[in-house]
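A closer look at the structure
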Number of protein chains: 2
Amino acid sequence: MAPARTLDIPVTGIEARLQSRTNAWDAPTCGIALGYLQANLIVLPSRYAKDFAILCARNPVPCPLLAWSEKPGDFSSFVSHVPGVPNSKIACGIDIRTDAPRYNVYIGGKPTEQGITSIEEQWDDADHVAFLIGCSYSFENALTLAGLTPPHVLHGRNVPMYRTNIPLSPAGVFTASTYVVSMRMYKVSEVQTVRDVTRPYITTHGEPIAWGWDGMKALGLDSVCKPDWGDAPVTADGSEVVRWIEEAKADGSVPVFWGCGVTPQEAVMRAEIPGVVMGHAPGYMVVLDVKEEDVLSKHA
Amino acid sequence: MAPARTLDIPVTGIEARLQSRTNAWDAPTCGIALGYLQANLIVLPSRYAKDFAILCARNPVPCPLLAWSEKPGDFSSFVSHVPGVPNSKIACGIDIRTDAPRYNVYIGGKPTEQGITSIEEQWDDADHVAFLIGCSYSFENALTLAGLTPPHVLHGRNVPMYRTNIPLSPAGVFTASTYVVSMRMYKVSEVQTVRDVTRPYITTHGEPIAWGWDGMKALGLDSVCKPDWGDAPVTADGSEVVRWIEEAKADGSVPVFWGCGVTPQEAVMRAEIPGVVMGHAPGYMVVLDVKEEDVLSKHA
């Protein structure tokens, strides 16, 4: 038998980007380069860039804009939108066309290519604008360090995500969209601590937007059993929530909901804008040079 | 008969503040110092200041934070939260205890004094923190210049405001609050222009969050006839909407809703925080040195 391939797990943002560029790293980025910010990627034709930037400014909880292309077609220079973080600190030497492990491509709101390792061919040097948007991995690390490891992390699953009825504040062509939320189950007695731990992570969704069974209903959800994205939630013993929801209620566990970085992708898809739109493949994020401590709210 | 008192109408922010300080100006500030930003005022005990700043950061459409006290108890130095506007440009020489024409005072969420001309006695030099929050007067000027004068301006009435069911993203003690919206009626054919004209005013609520009769329902409102604050809407001929709502529908007029600066006051009242909370009296705003063109979004 051939020896198992050994792979150096990236410990910094630049290592993650360079390994993604050469396809040496071709896996989800959860758990790599701990302490470095990971980002959602959206690439749009330039004529929609202003509306999208305003959409993010108006909806910072689900759409926390970290940085965007310095000019249309520029795949390596980014303007920082994080107070106190200079442009040079976003991602040194980045090539946004290759430095996420995998990408998806959409035309007119419909997926045309999924999980490709480069968008060099699709990138328009005269027109495409890339946006980097905060991701919840950062506050998940903080929860784990506080002894509140999210259940899906404990069980190596994807976080469950749901479409809600909470409207985004519209911006230009981006209308009629709603919040997408991610969900983590906690004991009622833990909710206040969970809120306090995640509150400072303003640029990566911050504290929850709703919690408890009434909170779930207020989002327009009847159940947490069937997420729209990701895996169904699990209990502490690893069984799926579908089978134990009544026990969880008896046990005092409740769902806790955060704004989710899938929201801006949904907004772009719903707008059905013409032209080529691209993003990272879910879970295969862009790792930045920005460190978690750089973005912690000075207010919290 | 005594001659009518002649009053110089303030034409700059500093004139408005100095006349308010001496009670030479003791009227609503609508229409004075045109081109200068007017601001909602909220004063809180310092222990709630961080949560409130995060509430604003998470809900910038209804709660656009312009500036806040440099330190607890400081009534004259403000830190700017408007990109590109330095602290020194907010309000030169301001004394926030006297420079709004009128104030309201609340204790434990209940009003104790209304319409007083100074809060020097109530202000705690060791503890109070003042927040200045964007106001829609700016985009109303822009609408008027575009030939789309809001109906309430045309008829010298107060804008109608409504409590909605759209939740704010909570922050610390500020939970379970919802958007308050202001409403202006326009023809369906005018809505896109109205959106385009107000979109750049990001720090003063920006473009509408909903429009049309379906948009009204999506906010949880059954009717626009009975606002929770302000005056009932009027038609172009000055009659109240209550009497002509069916005609308005037949005529193609629809309600257009914006995030409203009453939202943060509602959030503070609902939190029922102990201690002395203060604000401007509705309509009697703080006029700043910041000019409208200083806050127009660079994205729009």
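Calculation criteria
- Residues numbered from 1 in each chain as written.
- Chains lettered and ligands numbered in written order.
- Predicted model: local features only at pLDDT ≥ 70, side-chain atom pairs only at ≥ 80, totals over all residues.
- Heavy atoms only, no water.
- Salt bridge = Lys/Arg side-chain N within 4 Å of Asp/Glu carboxyl O.
- Helix = DSSP H or I, 4+ residues; strand = E, 2+ residues; numbered from the N terminus.
- Buried < 20%, exposed > 50% of the residue type's maximum accessible area, 1.4 Å probe, protein only.
- Least-squares fit on C-alpha atoms with pLDDT ≥ 70 in both.
- Contact = heavy atoms within 4.5 Å.
- Pairing = 2+ DSSP bridges.
- Axes fitted to C-alpha atoms, helices over the stretch in contact; angles between N-to-C directions.
- Parallel < 35°, antiparallel > 145°, perpendicular 65-115°, else oblique.
- Left-handed = near helix turned anticlockwise from the far one by under 90°.
- Nonpolar A, V, L, I, M, F, W, Y, C, P; charged D, E, K, R; others polar.
- Buried area = accessible area lost by both parts, 1.4 Å probe.
- Polar contact = N/O pair within 3.5 Å; in protein donor to acceptor, adjacent residues only side chain to side chain.
- Domains from an automatic or database assignment.
- Phe/Tyr/Trp six-rings, centres within 6.5 Å; stacked < 30°, edge-to-face > 60°.
- Lys NZ or Arg CZ within 6 Å of the ring centre and 35° of its normal.

In this section: the pattern of salt bridges. In this structure the tally under the stated criterion is 24 salt bridges over all chains. In this structure, the salt-bridge partner of R21 of chain A is D99 of chain A, at a minimum N-O distance of 2.8 Å. Of the two residues, R21 of chain A is situated in helix α1 (residues 13–21) and D99 of chain A in the loop between β3 (78–80) and β4 (103–107); the sequence distance between them amounts to 78 residues. The exposure class assigned to D99 of chain A is buried, which follows from its relative accessible area of 1%. A salt bridge links R102 of chain B to D26 of chain B; its shortest N-O distance comes to 2.8 Å. On the criterion of sequence distance, the pair formed by R102 of chain B in the loop between β3 (78–80) and β4 (103–107) and D26 of chain B in the loop between α1 (13–21) and β1 (36–45) is long-range, its members being 76 residues apart. R102 of chain B sits in the partly exposed class, given a relative accessible area of 23%. By sharing partners, the salt bridges in this structure join R195, D196, R199 and E207 of chain A into a single network.

Okay, the relation of the copies chain A and chain B next. Least-squares fitting of chain A to chain B yields an RMSD of 0.0 Å, with the superposition described by an axial translation of 0.0 Å and a rotation of 180°. In the structure described here, the two chain copies are related by an operation that fits a two-fold rotation axis. Both copies present the same face, since 100% of the interface residues in chain A are matched by interface residues at the equivalent positions in chain B.

Let's shift gears to helix α3 (residues 137–145) of chain A. Residues spaced three or four apart along an α-helix point in a common direction, a consequence of the helix completing one turn every 3.6 residues. Residue and element names in this part refer to chain A. The complete set of buried residues in α3 reads Y137, S138, F139, E140, A142 and L143. Buried-residue contacts for α3 involve β1 (36–45), α4 (151–154), β8 (178–187), α5 (191–198), β10 (253–259) and α9 (292–295). Two residues or fewer past α3, G147 is found with a positive phi of approximately 80°.

Let's shift gears to the sheet that holds β8 of chain A. All names here are of chain A. Spatially, β7-β8-β10-β9 is the arrangement adopted by the 4 strands of the open sheet, whose pairing is antiparallel. This sheet does not close on itself; its edge strands, each paired only once, are β7 (161–167) and β9 (210–211). Relative to β8, β7 is paired through 4 bridges, and the arrangement is antiparallel. Of the residues in β8, the one forming a bridge with P167 is T178.

The residue G84 of chain A is located in the loop between β3 and β4 in this model. Here the alpha-carbon distance between G84 of chain A and P111 of chain A, two residues 27 residues apart in the chain, equals 36 Å.

Within a sheet, neighbouring strands are paired by backbone hydrogen bonds and run either parallel or antiparallel to one another. All names here are of chain B. Taken together, the 4 strands give an open sheet; going across it, the order is β7-β8-β10-β9, and neighbouring strands pair in antiparallel fashion. Single-partner strands in this sheet number two, and they are β7 (161–167) and β9 (210–211). In terms of strand pairing, strand β8 (residues 178–187) meets strand β10 (residues 253–259) through 7 bridges, oriented antiparallel. Across the sheet, residue M183 finds its bridge partner in β10, namely F257. Contacts from helix α3 (residues 137–145) reach β8 and β10, with the element oriented near 10° to β8.

Moving on to unusual backbone geometry. Residue and element names in this part refer to chain B. If you check the backbone angles, N23 has positive phi at about 60° while not being a glycine. With respect to the element layout, N23 can be found in the loop between α1 and β1. Look at N23 and you get partly exposed, because its relative accessible area is 33%.

Glancing now at the packing of α3 of chain A against α5 of chain A. All names here are of chain A. Between α3 and α5, whose axes approach to 9 Å, the crossing angle comes to 130°. With respect to α5, the axis of α3 lies oblique. The crossing of α3 and α5 is right-handed. Of α5, the residues touching α3 (which contributes F139, A142 and L143) are V194, V197 and T198. Here the residues of the contact of α3 with α5 are counted per class, giving 5 nonpolar, 1 polar and no charged.

With 29 residues of chain A at the interface, the matching set in chain B holds 29 residues. With both chains or domains summed, chain A and chain B bury close to 2200 Å², and 64% of this area falls on carbon and sulfur atoms. Seen at the junction of chain A and chain B, the total is 12 residue pairs in polar contact (both at pLDDT 80 or more). Among the secondary structure elements, those contributing two or more residues to the side of chain A that touches chain B are α2 (49–58) and β7 of chain A. At 6 residues, the largest contribution of residues to the side of chain A that touches chain B is made by α2 of chain A. Considering only residue class, the side of chain A that touches chain B consists of 16 nonpolar, 7 polar and 6 charged.

Another point: the domain arrangement of chain A. All names here are of chain A. Along its sequence, chain A is carved into domain 1 (37–135 + 272–293) and domain 2 (137–260). For domain 1 and domain 2, the distance between their C-alpha centroids amounts to 25 Å. Every contact between the two is made by 21 residues of domain 1 and, on the other side, 19 residues of domain 2. Across the domain 1/domain 2 interface, buried area totals approximately 1800 Å², and carbon plus sulfur atoms make up 62% of it. Among the residues of domain 1 in contact with domain 2, P62, C135 and E292 are the three that bury the most area, contributing 31% of the side total. One can count 0 salt bridges joining domain 1 with domain 2.

All names here are of chain A. Among the 5 residues that make up strand β11 (residues 276–280), 4 are buried, leaving the element largely enclosed by the rest of the structure. In this structure, β1 lies alongside β11, joined through 2 bridges in antiparallel fashion. Directly across from I42, in β11, lies its bridge partner G279. Inspection of the sheet shows β4 paired to β11 by 5 bridges, in the antiparallel sense. In the sheet register, Y103 faces β11, and the bridge partner there is H280.

Before going further, it helps to spend a moment on the packing of aromatic side chains. Here a ring pair, both rings aromatic, is described through the centre-centre distance and the interplanar angle of the planes. Under the definition given, this model contains 12 aromatic pairs over all chains. Ring pairs connect the aromatic residues F52, W68, F131 and F174 of chain A, which therefore count as one cluster. Over the ring of F75 of chain B we find R97 of chain B, and its NZ or CZ is 3.6 Å from the ring centre. The ring of W258 of chain B has R184 of chain B sitting right over it, with the charged end atom 4.9 Å from the ring centre.

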